[in-house]
Structures are given as structure tokens and as C-alpha cells.
Amino acid sequence: MPAGGYFGRALVVDVTSGTSQVLPLPDEILRAYVGGAGLGAWLLHRLGPPGTDPLGPEAPLAFVFSPLVGTPLTTSAKFAVVAKSPLTGLLTDALASSQFAIAGKLTGNDAIVVRGRAQQPSVLLIDEDGTRLRPAAGLTGRTAEETDKSLRHELGRGWRVAAIGPAGEHGVRYATISHDGRHAGRGGLGAVMGAKNLKAIAVRAAAKVAAAHPDEVLAAARDLRERSFGPATAKYRELGTLANLLAFNAISTLPTRNFQAATFEGADRLGAAPAAPADLEGMRRVARSSCASCTIGCEHIYRVGGGKKARVEYENVFALGPMCGVSDPEAVLAASARCDELGIDTISAGGTIAWAMECAQRGLIDAPWLRFGDAGALLRALDEIGGRRTPLGALLADGSRQASRTVGGDSAAFAPHVKGLEMPGYEPRTLHSMALGLAVNARGADHNRSGAYEADLSGDLDRLDGGDAHVAAAIETEDRAAVMDSLILCKFLRGVFTSPFDEWAALLASVTGWDVTGSELRAVARRIVLAKRVYNIREGWRTEDDWLPDRLLNEPLTLPSGRVAALTADRLRAMIDAYYTMRGLDPRGRPDPAALADLYLS
């Protein structure tokens, strides 16, 4: 019998032949990796052939659940999508919340892994009758939302759908997978699904799974629910993450015009003022929403005039606003909605377009219409990317790293990526803990797998003077993220835990029946971080890939206070070297072979 909260198996589907098989997941592996992003890393090691093309038929695409899914614990209705990224060539995992997580797990599997390539555009169905493929008749070219509605109407009650938009079908290397209006967004997972000729995966619950100690789980859920209404989550409920925009602008950490500046003169037009948090200039908040099984309610929906609705979050506003120099809130909202329709990651889209705007400004690409601050140019570029329908669109659909290699010149020096993944809205020159976190993270430039900006903004460290304390803080946030992404719990809940590893261990113990401790979960975190690094080494990672764009190391910023914010190559190198030492890696960032035995990979 598997532990509580688990089925002890992964379903591996070959869409080339339409067949499936079961991969047993013994308690030893589940306890070592828990679920979500951690278990997904183990599955990629086990099922992904070394050196495989991310868009090739042998590349696995894993939908991974966790023992907490289906419990009453708030924010636990999440799943991870894990694959080799077509954008970076390394491991990527994206988390999302929706009813798809619950229905997917209750098909009777702790993970669903897809391999192969269907003979025609198809939909994969999984329920009590097993797995089967059906033609995606009439769905090609449609948005993920349209696909979801069409399939659920046709299939009937109980079905939940994860789908790709047109960008995934066209192989845009930062295409997303969408479900219930949410997105597994970063790293090009939608392109991986599109390469398998899958327009959608539909799941329907067919089984039940019990917790080992249901009364303890219910008591913990009540306690966590109450804490989720407290001050630690108030910002997300009342303002949403957009509140970060004005705050970051005030402290010169808002990347602007492709990291040419760290403040944006149009920030007040895009950020909600404290006196009127519900409305932005030209935009009206029409709803606040929650993910499945969530009590926080961080999602804020806006509408421009009588137009389309769109989610407004810090990262999509930063990427399509300040990063591209666009201050028109109506245009930024329209661009965000267009990204959702096409099925593309807003951060990579904004970063790649901003890079192209600078290239056009410097005469490196022939696109005189593509200029910073031009809202029409932003929307036109998105349309060209989504369909790869022009040479420029095809170039930008590959992301800023590959595009800079094609364009040449000095364009690689200001391409805003780490390991091929475009950078989120945090200025490394004024956030040195975060600079390290972005440089060394397995997924690339990522704020969700390394929330080290919290240490920079805590007031306990000088955020402009990185050192060993910043390294320790970056490691701690990376470890915490590894556990939260494997349990899985929403990061917005992190502030309610006073002793996180011990409290997470208690939650896991009540569900599984294991005698797990906080110390054990710390070991799990280290194992997951190392397993991701080992996978990347296998797939071609090099020591020099743990680095930041040249611009951020060679162009200091002068702050309004007069202080100069500089992140030199020497300082970054010293922090990376200290990170390797603290992680037990050699000077090249590689593990001691003796450490590999703890990863259960052989």
C-alpha cells in the first residue's frame, strides 16, 4: 500500500502508438522527492534520454501532482509541468493552480507523462476507461480558452482540460499550457506539447485517495485557512502583485527599456495608487478571483472600457510596460490579453521584444517601426511572434538568446536572459542576493525558484553590497522554494509559516503517515536542487552558464540618492564561488560523485 495521499504510480502515455503503461513509484522515491517539481525532476532523469531534442518525440512531458492535492489545505490544488525546455535546453518546471490538478491526480496517478508524437492534431483523454486519443477536429488555431470551453461542452460534466494556444502549435519556444484561465507559463512547455501534436489533455476523476490521518489534516486546514486571512497575505488580496510596481520604481529596481534604466517615468500610470487601489488610469477592476482551493484571492481582473478582461499582475505589467517603455495602461492590458490568447509567456515575450526594440534602435535589425514606447509596435510584434508569420516573428519566437546569436554584433551583451530564459522584473544591480539567485538557478532567470529578493528587501542586508550573507540567504530561499514546489503550496502563503520546514513536515506527516521531520525536508530540498543541477550537467550545462548578461555587470546605475549601484563581474564571481562551496560543489559547480548516491537516479 502506498503512503497516504499517493497512488504510488505514474501513467506513461505514448501518443505515437496510443498505448500507455504504469511506472511504479515506491515510497522511497516519493519520500525522497515528495511530488510536483521534485518528483518531476526525478521522472525526467528516469524517462528522458540524455541529449534528446526538447521538441523530439522521445522527450517526456510530465504533469506531476503531489500528496496534498485533493486535501482541504488551502492553495494545494496545484500541479507541476516538467520537461526539457526548448528555450534553454535544460530542465524547466512550471507550476499552476486549477481544477485540472485535482481531476488529474484523481485519474489514479501521481504523475501523467506524455511521450511520442500523435499522427494528427489530437486530444488525449484520461479517465476511468483508460487513455485514448481523438482528433482535435475544429480546435487547431483556437485559443486555449476556446478549446477548453469547446471540449468541456462536448465531453460533459467532470472533465478538466489543459490546452495550448496558437503559439504552442507554431512552436514558439516560450509557449504556455493553459487551464481554467491559468498558465504553466515559463520555459516553452506549450511548444513541447505542440510538438507532440497535442492540442489538449482532458482528464476526469476516476479514483479516490485518502490521507493517513484525516482528522489531523482537517485541523491543519482550518488553522491554515485562518492564517491565510492574516497580514502576511493582505497585499495579495487587496492590491494583487501589481502593488510591487510603484514600490520597485521608488527604490530603483524596476527594469526599464531592456535594463537600460531601473526607474520608469510612466510607472504612476500603470501602478495602482494607494488612495484608489481598485482602479488604474484607463482601466477598471471588475473582479477579484481565487485559484482552485485557495482562500487568498490574489487574482485581480481588469477591463479597459467595454473591451476584453485580463489578469493584471506585476510580472505581465512590468514585461509589457516598463521593459518595453510602454506607459499606456490600455495597451499593456491589451498586450497581456493577447499573450493569453496566443498562449505565450508574458515575461519572455516582453523581454524578447524589448531586446528587439533596442536592436532596431541600434540598427542591428531592419524594423524601423519597432520602437520603445510604441504600443502599436508591441501588439504587432506579439501577433508576428504568435504565428511565426514573418521573418521577424520567427526570429523572436525563439527567444532573446537564440535571436541574439542569429543577429550577432554586440546584441548578445544586452539580451536579457540567463541560460536562455528571459529575466523577470527585478533589477540585479540593486538586488545582489537576487542577482545570485538568478545566475545560479537551474531554470534560468527565475523569481519563483529563487525568491532571494526577499532578503534584499528585508532591511537586514545591504542590497547593493553582496557578500556571504547574501549567498546564505539565496540558498535558504532556493531550498524553501524547492519544498513548496514539491508539496505543492502557493508561494503567497510562505509568510504565514513561522518555522517553515517543521510546519511543512507536520502537514506532510498528517497526509502520508510518515514520521517526516523538518530536518528531513531540508535534506529533500538539497536533493531536489542538486538533482536539477545534475540533469542540466547531463544536458550540456557549463560553468559559464551560471552568469548574468554583460550589461548588468558593465553598466552601473546612479540612484536618486547619488549612490552608484554596480554589480561587478568580480563580485558576482565571488558570490557564485561561495554558493558552490556552501552547496558542496566543486569550483566548477559540479557535485562530488559520492553525493549522487543520495539522488536515487541509478
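Residues numbered from 1 in each chain as written. Predicted model: local features only at pLDDT ≥ 70, side-chain atom pairs only at ≥ 80, totals over all residues. Heavy atoms only, no water.

Chemist: Whenever I open this one, helix α23 (residues 569-582) confuses me. Can you help?
Modeler: Each turn of an α-helix holds 3.6 residues, which means side chains three or four residues apart point in the same direction. Taking 1.5 Å per residue, 14 residues should reach 20 Å; α23 reaches 20 Å between its end C-alpha atoms and fits that length. Residues of α23 that are buried include every one of Leu-572, Met-575, Ile-576, Ala-578, Tyr-579 and Tyr-580, and no others. If you follow the buried residues of α23, they end up packed against α17 (432-440), α19 (468-487), α21 (518-538) and α22 (550-554). (Helix = DSSP H or I, 4+ residues; strand = E, 2+ residues; numbered from the N terminus. Expected span 1.5 Å × (residues − 1). Buried < 20%, exposed > 50% of the residue type's maximum accessible area, 1.4 Å probe, protein only. Contact = heavy atoms within 4.5 Å.)

Chemist: Before we go on, may I ask you to explain the packing of α17 against α23 in this structure?
Modeler: Think of two packed helices as two axes; the pair is described by the angle between the axes and how far apart they sit. It is at 10 Å that the axes of α17 and α23 come closest, and there the two elements cross at 65 degrees. On the basis of the axis angle, α17 is roughly perpendicular to α23. α17 and α23 meet at a crossing whose hand is right-handed. For the pair formed by α17 and α23, the contact residues are His-432, Leu-436, Ala-439 and Val-440 on the first element and Arg-571, Leu-572, Met-575, Ile-576 and Tyr-579 on the second. Its residues assigned to classes, the contact of α17 with α23 shows seven nonpolar, one polar and one charged. (Axes fitted to C-alpha atoms, helices over the stretch in contact; angles between N-to-C directions. Parallel < 35°, antiparallel > 145°, perpendicular 65-115°, else oblique. Left-handed = near helix turned anticlockwise from the far one by under 90°. Nonpolar A, V, L, I, M, F, W, Y, C, P; charged D, E, K, R; others polar.)

Chemist: Whenever I open this one, the confidence of the model for the protein confuses me. Can you help?
Modeler: Low pLDDT means the predicted atomic positions in that stretch should not be read closely. When pLDDT is averaged along the protein, the result is 92; 91% of the residues meet or exceed 70. Every residue in residues 273-278 scores below 50 in pLDDT, and together they form seven contacts with partners more than four places removed in sequence or on other chains. (pLDDT = per-residue confidence, 0-100.)

Chemist: Quick question: what am I supposed to make of the sheet that holds strand β2 (residues 19-24) here?
Modeler: Hydrogen bonds between backbone groups are what pair the strands of a sheet, and the pairing can be parallel or antiparallel. The sheet built from six strands is open, its strands ordered β2-β1-β6-β3-β4-β5 with mixed pairing. In the strand order of this sheet, the two ends are held by β2 and β5 (91-97), each with one partner. When strand polarity is set aside, the average angle formed by the axes of neighbouring strands in this sheet is 20 degrees. The sheet contact formed by strand β1 (residues 9-14) and β2 spans six bridges and is antiparallel. The residue bridging Asp-14 from the neighbouring strand is Thr-19, located in β2. (Pairing = 2+ DSSP bridges.)

Chemist: What's the story with the pairing of β1 in this structure? I'm lost.
Modeler: A regular strand places its side chains so that they alternate between the two faces of the sheet. Where β1 folds back on β2, the antiparallel hairpin that results is connected by four residues, among which Gly-18 adopts a positive phi of roughly 80 degrees. The sheet contact formed by β1 and strand β6 (residues 111-115) spans five bridges and is parallel. Looking across to β6, one finds that Leu-11 is bridged to Ile-112.

Chemist: Quick question: what am I supposed to make of the environment of Ala-442 here?
Modeler: Along the chain, Ala-442 turns up in the loop between α17 and α18 (453-456). Under the relative-accessibility criterion, Ala-442 is labelled buried at 15%. Spatially, the C-alpha atom of Ala-442 lies 9.2 Å from that of Tyr-535, the residues being 93 residues apart in sequence. Apart from residues lying up to four places away in sequence, Ala-442 is in contact with Leu-90, Leu-91, Lys-419, Lys-532 and Asn-536.

Chemist: Just to check I follow, could you spell out the pattern of salt bridges for this structure?
Modeler: Where charged atoms of side chains with opposite charge meet at close range, the side chains can pair. This model, assessed by the stated rule, comprises 44 salt bridges. Notably, a salt bridge pairs Arg-338 with Glu-341, separated by 2.9 Å at the nearest N-O pair. Of the two residues, Arg-338 and Glu-341 both sit in helix α12 (residues 329-342), three residues apart, roughly one turn of that helix. Measuring nitrogen to oxygen at the nearest pair gives 2.8 Å for the salt bridge that ties Arg-583 to Glu-478. With Arg-583 in the segment after α23 and Glu-478 in helix α19, this pair connects stretches of sequence that are 105 residues apart. Summarising the burial analysis for this pair, Arg-583 and Glu-478 share the class buried. (Salt bridge = Lys/Arg side-chain N within 4 Å of Asp/Glu carboxyl O.)

Chemist: Can you walk me through the state of the cysteines in this structure?
Modeler: Disulfides are covalent bonds that link the sulfur atoms of two cysteine residues. As enumerated under the stated definition, the model contains zero disulfides in all. Of all cysteine sulfurs in the structure, the one in Cys-339 sits closest to Cys-324, which takes part in no disulfide; the separation is 9.5 Å. Cysteine Cys-359 remains unbridged, with the sulfur of Cys-324 as its closest cysteine sulfur at 13 Å. On the accessibility criterion, Cys-359 (0% relative accessible area) is buried. (Disulfide = S-S within 2.5 Å.)

Chemist: Sorry if this is basic, but what is going on with the nonpolar core here?
Modeler: Where a protein is soluble and globular, its nonpolar side chains tend to be buried together. Grouped together as the largest cluster of nonpolar side chains are 143 residues, with contacts concentrated most on Leu-43, Leu-370 and Leu-548. Within the second largest apolar cluster, 34 residues are counted, among which are Phe-65, Phe-79, Ile-126 and Met-193. (Core = buried A, V, L, I, M, F, W, Y, C linked by side-chain atoms within 4.5 Å.)

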